[in-house]
Amino acid sequence: MKKKFYITTPIYYPNAFPHIGSVYSTLLADIIARYKRLMGEEVVFLTGTDEHGQKVYEAATKAGKEPQVFVDKIAAKFESVFKQWNLSYTIFMRTTKESHKESVQKWILLLEKKGFIYKSFYQGWYCVSAEEFLLEKDCITKDASGTPISPLSGKPAIWLKQEAYFFKLSHFQEQLLSFFENHKEFIIPEERTREVINFIKEGLKDLCISRLKKDVPWGIPFPGAEDHVIYVWADALNNYITGIGYLFNQENFESTWPADIHVMAKDIFRFHAIYWLAFLMAADLPLPKHELIHGWLLVDNKKMSKSLGNVIDPEEILKTYELDTVRYYLASLSTSQDATFSHEDLEQKYQSDLVDNLSNLLQRVTILAKKKGIKDFSLSAFKQEEETILTKKKQELHAFIEKELHTTYGIHKIIQEIIIFSNGLNSYFHNQEPWKSKDNEKFKTIIYSVLEGLFAIGIYLLPIMPEKMTILFSKLSIPHHNLTFSDALKTFTFSLAENDTYLFEKKEIKKEIEIPKEAEIMTASFPSITIDEFLKSVILVGEIKRVSDIPKSDKLYLFTVDFGSEGRREIAAGIKLFYQKEELLGKKTIFSFNLAPRKLCGITSHGMTLMAKNETGKPELIIISETVINGARIG
Ligand code: MSP
């Protein structure tokens, strides 16, 4: 039997309604799941709620509700929001399910039998919010009464001394170390592997995996010790195996486990990289293949969180924007770093990528074909070099996406490459000037090539914008059921539907970003700014991989710039009069990375090349040393 592709998200605490942060992780997993289905995999996709523990118990008490009644209501809300967001999970896991509770208890008994669990005493500072005992080094900051402030939550810790059960985490120190030394591909992005290795090298202490029932009444009873409950992380992490039948539906379990990828944000990655792997090692179970760690979604440079009151409500936002627009925007944010959610940025991306680049191209082609009275387009023998180049670019894009989905799952990088391809398709259309063509065969070839490119984009963006891309297929009269990833490279007959609606409607953008004129910059005084303001500007090191001419401009070059884990982008630079292409190729320099995209001479620049003038007034590239990695942030 072929193993299923198994992907998971964290299971979320149902102490409050979901915000866009929990939707974000689930969306990333959804997109990967949809790509894998397109590629022919049978996908098991688990998400859900982590319903036990002190934090949830306190929230229920505060609300004056029985914990079970309280979590039932919030879990239902999670499900309805996830459905509204078109998140295609196959399992909504809840840790209050009987099957989960029984399996976790059996797992404890198994580990006890193997000698990995023992009884002793625990005392120490405990962070209620993070449900974790603090390490010595975490207890440095104290409040006026001398109580340590937890660096995990920013709140005062509490002192706990109790009889407890321990898991022999220290026993797995060497095994974990050797695993990470030999599996650099396990954590994505790979840079974080070092962090884990250093943590393990500091020495792993045994882990307390029980709480006294009198302190935490809301948990799975510890088997054989009625006055204890199982520590919420030992309960929760196991959901990834109990959710697919561990110790009660072995057949299902074996066709699904190990997970191919666990998705989560960096806050809980240590639990997954260390405790979870050690738990699995102790139970003699195979280890997952990857853990994808993304950054936080920030608002005003702060982590979005209920306590800071800066959360974006996932239901509210859909009253302002269409679902697929927000899905696209979130998916385009870098997964490897924290990313700021901004309405302005969302609207800019909508305009430049979806309206200008995609929707307008489809509309122009449709209008042109209608004028000529031609509806159906299929592959013709007439092919020039330009069409061959286009096909080659498509094949490269196809291979790139496939590789990403087998290695580092860089969804934002996939989007960037699709946009580069779609820019190329726009340029092809402009340069070929089919509206001038007297030759019908040539006209048909040009339109066919554009439609073929748009169709491929439709497949590549289908996992990200499932509803919109289905509309795109219907505009081309291609039935969308049973489409596969490899169809993007096949030939079809496209029949343009009689339908004048735009795929993405042009929206009024609130304001154009004004670029101050040079003279103003020179004469302006420089008012001081705060560090927060400074940090809003993201300046990254990038390597110029390709330099192209822009047909309508004698001043601009278009660079394809590699930003390492941030992917590649196309950025214009007004230095054609000063530099030969060869002088620029392969150079590392600095770019403004989060400047809103700008249209210049028919192309869109996704950032700005930062330069300084020399004494003759020539703009010079700021050359960065070879040893600096692509994508490194200046600051
Ligand atoms: N219940 C634990 C996880 C147990 S998994 C076995 C937990 N729950 S949580 O509700 O706090 O969810 C944390 C996760 O929610 C993060 O790891 C991330 O996936 C997601 N996010 C919560 N806030 C987020 C942002 N502001 N930005 C990005 N992701 C966010 O920890």
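Scroll up for the structure.
It should be emphasised that the depicted structure is a prediction, and the values quoted were computed from it without experimental measurement.

## Concerning the overall build of the chain
Next, step 1: Looking only at helices and strands, the chain has 20 helices and 27 strands in total.
Next, step 2: Expressed as lengths along the three principal axes of its C-alpha atoms, the size of the chain is roughly 85 × 60 × 45 Å.
Next, step 3: Burial analysis of the chain (635 residues in total) assigns 55% to the buried set.
Next, step 4: Expressed as a percentage of contacts within the chain between residues at least 6 apart in sequence, the contacts between residues at least 24 apart total 73%.
Next, step 5: Charge separation in the chain, taken as the distance between the mean sites of 80 positive and 83 negative side-chain charges, equals 2 Å.

## Description of the pairing of strand 19 (residues 539-549)
In summary, the side chains of a regular strand alternate between the two faces of the sheet.
Next, step 1: Pairing between strand 19 and strand 22 (residues 588-592): five bridges, direction antiparallel. Within the sheet, the bridge partner assigned to Val541 lies in strand 22 and is Ile590.

## Digging into the packing of helix 15 (residues 411-432) against helix 16 (residues 440-461)
How two helices pack is summed up by the angle between their axes together with the distance between the axes.
Next, step 1: Running from N to C, helix 15 and helix 16 cross one another at 170°; their axes reach a closest spacing of 11 Å. The pairing of helix 15 with helix 16 is recorded here as roughly antiparallel in orientation. Helix-helix and strand crossings are classified by hand; for helix 15 and helix 16 the assignment is left-handed. Of helix 16, the residues touching helix 15 (which contributes Ile418, Phe421, Ser422, Leu425, Tyr428, Phe429 and Gln432) are Lys442, Thr445, Ile446, Ile447, Ser449, Val450, Gly453, Leu454, Ile457, Tyr460 and Leu461.
Next, step 2: Taken together, the residues of the contact of helix 15 with helix 16 break down into 12 nonpolar, five polar and one charged.

## Description of the site of the ligand
Next, step 1: The local shell around the ligand holds 24 residues, among which Ile11, Ser25, Asp50, Asp267 and Leu297 are the closest.
Next, step 2: A distance of 3.1 Å separates an oxygen atom of the ligand from a polar backbone atom of Ala265.
Next, step 3: Here an oxygen atom of the ligand and a side-chain polar atom of Asp267 are 2.8 Å apart.
Next, step 4: Relative to its unbound accessible area of 670 Å², the ligand is 92% covered by the protein chains.
Next, step 5: If you list the elements that add at least two residues to the shell around the ligand, you get strand 1 (5-12), helix 1 (20-38), helix 7 (232-237), helix 8 (239-242) and strand 12 (261-265).
Next, step 6: For the shell around the ligand, the per-class residue count stands at 14 nonpolar, seven polar and three charged.

## Comments concerning the sheet that holds strand 4 (residues 117-127)
Next, step 1: Spatial strand order, 5-4-6-8: four strands in an open sheet with antiparallel pairing. In the strand order of this sheet, the two ends are held by strand 5 (132-133) and strand 8 (207-208), each with one partner.
Next, step 2: Summarising the sheet, strand 4 and strand 6 (residues 158-167) pair through 10 bridges and their orientation is antiparallel. The partner of Phe121 across the bridge, within strand 6, is Glu163.

## Here we look at the state of the cysteines
Next, step 1: Taken as a whole and judged by the stated rule, the model has zero disulfides.
Next, step 2: Residue Cys127 stays outside any disulfide, its sulfur separated by 10 Å from that of Cys139, the closest cysteine.
Next, step 3: For Cys127, a relative accessible area of 1% corresponds to the buried category.
Next, step 4: Overall, Cys139 belongs to the buried group, its relative accessible area being 12%.

## Observations concerning the pattern of salt bridges
Next, step 1: Applying the stated criterion across every chain, the model contains 27 salt bridges.
Next, step 2: In this structure, Lys77 and Glu315 form a salt bridge, with 2.9 Å as the shortest nitrogen-oxygen distance. Of this pair, Lys77 sits in helix 3 (residues 67-84) while Glu315 sits in the loop between strand 15 (302-303) and helix 11 (317-320), placing them 238 residues apart in sequence.
Next, step 3: Note on Glu315: relative accessible area 25%, which makes it partly exposed.
Next, step 4: Of the charged contacts, one joins Lys101 and Glu98 as a salt bridge, the two residues approaching to 3.3 Å between their closest N and O atoms. Of this pair, Lys101 and Glu98 both sit in helix 4 (residues 98-113), separated by three residues, roughly a single helical turn.
Next, step 5: Salt bridges linked by common partners bring Lys3, Asp260 and Lys289 together as one network.

## Observations concerning the nonpolar core
Next, step 1: Of all hydrophobic cores here, the largest spans 177 residues; its most connected members are Trp85, Phe167, Phe180, Ile209 and Trp257.
Next, step 2: By residue number, the principal contributor to this core is helix 16, which donates 13 residues.
Next, step 3: With residues near it in sequence (within four places) discarded, Trp257 still touches Lys3, Tyr6, Tyr240, Ile241, Ile244, His262, Trp276, Leu280, Leu285, Pro286 and Pro288.
Next, step 4: Leu540, Ile544, Ile571 and Tyr579 belong to the second largest nonpolar core, which has 16 residues in total.

What counts and how
- Residues numbered from 1 in each chain as written.
- Predicted model: local features only at pLDDT ≥ 70, side-chain atom pairs only at ≥ 80, totals over all residues.
- Heavy atoms only, no water.
- Helix = DSSP H or I, 4+ residues; strand = E, 2+ residues; numbered from the N terminus.
- Buried < 20%, exposed > 50% of the residue type's maximum accessible area, 1.4 Å probe, protein only.
- Contact = heavy atoms within 4.5 Å.
- Lys, Arg positive; Asp, Glu negative; His and termini not counted.
- Charge placed at Lys NZ, Arg CZ, Asp CG, Glu CD.
- Pairing = 2+ DSSP bridges.
- Axes fitted to C-alpha atoms, helices over the stretch in contact; angles between N-to-C directions.
- Parallel < 35°, antiparallel > 145°, perpendicular 65-115°, else oblique.
- Left-handed = near helix turned anticlockwise from the far one by under 90°.
- Nonpolar A, V, L, I, M, F, W, Y, C, P; charged D, E, K, R; others polar.
- Near = heavy atom within 4 Å.
- Polar contact = N/O pair within 3.5 Å; in protein donor to acceptor, adjacent residues only side chain to side chain.
- Areas by Shrake-Rupley, 256 points an atom, 1.4 Å probe, with all protein chains shown as cover.
- Disulfide = S-S within 2.5 Å.
- Salt bridge = Lys/Arg side-chain N within 4 Å of Asp/Glu carboxyl O.
- Core = buried A, V, L, I, M, F, W, Y, C linked by side-chain atoms within 4.5 Å.

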